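Observations on the three-dimensional arrangement
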Amino acid sequence: MRTLSLAEARLEASLDRLVTAVLAAQHDADLQRRRAVLEHAILRSQDLWGRFWREACLLSATGAARDAAGQKVARAPGCRTFQIAHTKIRAYYRKLNHPNPHWEPDWHKPAVVAEITRLLQSSNANTLSSAVSAQQNPYQELRLVRNYIAHMGASAARDAYSVSGGSAPHEYILQPVRGVTRFEEWVGRMKLVASAAVI
């Protein structure tokens, strides 16, 4: 059975595997292979982050989440199943000129999570919105670095280099932050934020 706590556990395990790969790449003398591993970690971490919030929204709406006291949150009105909740979201976005039936919102963005939990009338909407909007959420920094790697455009480059302080964006994640790499620090913050969403 799908639950929000299982989604958190999957997220943490996947992020831990990326950290292991990044730390191994840190000492790789093959610069091309090193860059490939670091860029993959950046792209994959944003994908995992978005998937977690997608599950958080949909599972909460269907009553598969618990509150701080360990009680199941009430199912949102009319959201008997995961598929029904998802259909509601797609119908809403189609009205906002997203006619592609396979289009998905940017789940990693705090404003999107807040909008969707309000749309579905999830009983833990405040918990999810507070968690994803927390200052610890590294999504903005991650997004700017990720966009440069994914798109390589001039605008994306300016944004990424403004964050990285002139370092190559893929190398930026190896910079030390309080005794760990920046990537490890991002992952630690993601775990804190995800944990706050699950209670």
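Please read these numbers as outputs of a predicted model, since none were measured by experiment.

1. Describing the packing of helix H2 (residues 31–61) against helix H3 (residues 82–95)
Contact pair H2 / H3: the axes reach a minimum separation of 8 Å and the direction vectors enclose 115°. For the crossing formed where H2 meets H3, the hand is right-handed. Residues Arg-54, Leu-58, Leu-59 and Ala-61 of H2 pack against Phe-82, Ala-85, His-86 and Ile-89 of H3.

2. Looking at the nonpolar core
Core analysis: the biggest nonpolar cluster contains 56 residues, and Trp-49, Phe-52, Trp-53, Ile-116 and Phe-183 have the highest contact counts within it. Looking at this core, the elements that each hand over two or more residues are helix H1 (4–25), H2, H3, helix H4 (110–120), helix H5 (125–132), helix H6 (139–151), helix H7 (154–164) and helix H9 (182–198). For this core, the element with the most residues is H2, which contributes twelve residues. Residues contacting Phe-183, with those up to four places away along its chain left out, are Leu-18, Val-19, Val-22, Ala-41, Ser-45 and Ile-173.

3. Considerations on the state of the cysteines
Applying the stated criterion to the full structure yields zero disulfides. In this structure Cys-57 is a free cysteine whose sulfur lies 11 Å from that of Cys-79, the closest cysteine sulfur available. In this structure Cys-79 comes out as buried when scored by relative accessible area, which is 0%.

4. Overview of the side chain of Ser-129
Its location among the elements puts Ser-129 in helix H5. If sequence neighbours within four positions are ignored, Ser-129 has contacts with Ala-114 and Thr-117.

5. Topic: the pattern of salt bridges
Within the structure shown, the criterion is met by 14 salt bridges. The salt bridge partner of Arg-90 is Glu-104, with a shortest N-O separation of 3.0 Å. Remark: Glu-104 occurs in the loop between H3 and H4 and Arg-90 occurs in helix H3; sequence separation between them is 14 residues. Of the residues examined, Glu-104 reaches a relative accessible area of 24% and is grouped as partly exposed. Because the salt bridges share partners, they merge into one network encompassing Glu-141, Arg-178, Arg-182, Glu-185 and Arg-189.

6. As for the packing of H1 against H9
H9 packs onto H1 with a crossing angle of 175° between their chain directions and a minimal axis gap of 10 Å. Considering their axes alone, H1 and H9 lie roughly antiparallel with respect to each other. Across the interface between the two elements, Leu-4, Ser-5, Glu-8, Leu-11, Glu-12, Leu-15, Asp-16, Leu-18, Val-19, Val-22 and Leu-23 of H1 pack against Phe-183, Glu-184, Val-187, Met-190, Lys-191, Ala-194, Ser-195, Ala-197 and Val-198 of H9. Residues belonging to the contact of H1 with H9 are distributed by class as follows: 13 nonpolar, two polar and five charged.

7. So, the environment of Glu-171
Positionally, Glu-171 belongs in helix H8 (residues 169–172). Accessibility expressed as a relative area gives 24% for Glu-171, which makes it partly exposed. Each C-alpha atom, one on Glu-171 and one on Arg-35, is 7.8 Å from the other, the two residues being 136 residues apart in sequence. Excluding anything up to four places from it in sequence, Glu-171 contacts Arg-34 and Leu-38.

8. Observations regarding the packing of aromatic side chains
In total, this model carries six aromatic pairs according to the counting rule given. Taking 5.1 Å as the distance between ring centres and 80° as the angle between the ring planes, the aromatic pair formed by Phe-52 and Trp-53 counts as edge-to-face. The burial state of Phe-52 is the same as that of Trp-53; both residues are buried. Among the aromatic residues, those joined into a ring-pair cluster are Trp-49, Phe-52 and Trp-53.

9. A few points about unusual backbone geometry
With phi around 60°, Gln-121 is a residue other than glycine that occupies positive phi space. Mapped onto the elements, Gln-121 comes out in the loop between H4 and H5. For Gln-121, a relative accessible area of 52% puts it in the exposed group. The phi dihedral of Arg-178 is positive, around 50°, even though this residue is not glycine. Locating Arg-178 in the fold gives a position in the loop between strand E1 (176–177) and strand E2 (180–181).

Cut-offs used in this document
Residues numbered from 1 in each chain as written. Predicted model: local features only at pLDDT ≥ 70, side-chain atom pairs only at ≥ 80, totals over all residues. Heavy atoms only, no water. Axes fitted to C-alpha atoms, helices over the stretch in contact; angles between N-to-C directions. Helix = DSSP H or I, 4+ residues; strand = E, 2+ residues; numbered from the N terminus. Left-handed = near helix turned anticlockwise from the far one by under 90°. Contact = heavy atoms within 4.5 Å. Core = buried A, V, L, I, M, F, W, Y, C linked by side-chain atoms within 4.5 Å. Buried < 20%, exposed > 50% of the residue type's maximum accessible area, 1.4 Å probe, protein only. Disulfide = S-S within 2.5 Å. Salt bridge = Lys/Arg side-chain N within 4 Å of Asp/Glu carboxyl O. Parallel < 35°, antiparallel > 145°, perpendicular 65-115°, else oblique. Nonpolar A, V, L, I, M, F, W, Y, C, P; charged D, E, K, R; others polar. Phe/Tyr/Trp six-rings, centres within 6.5 Å; stacked < 30°, edge-to-face > 60°.

Any link to function would need more than the numbers given here.
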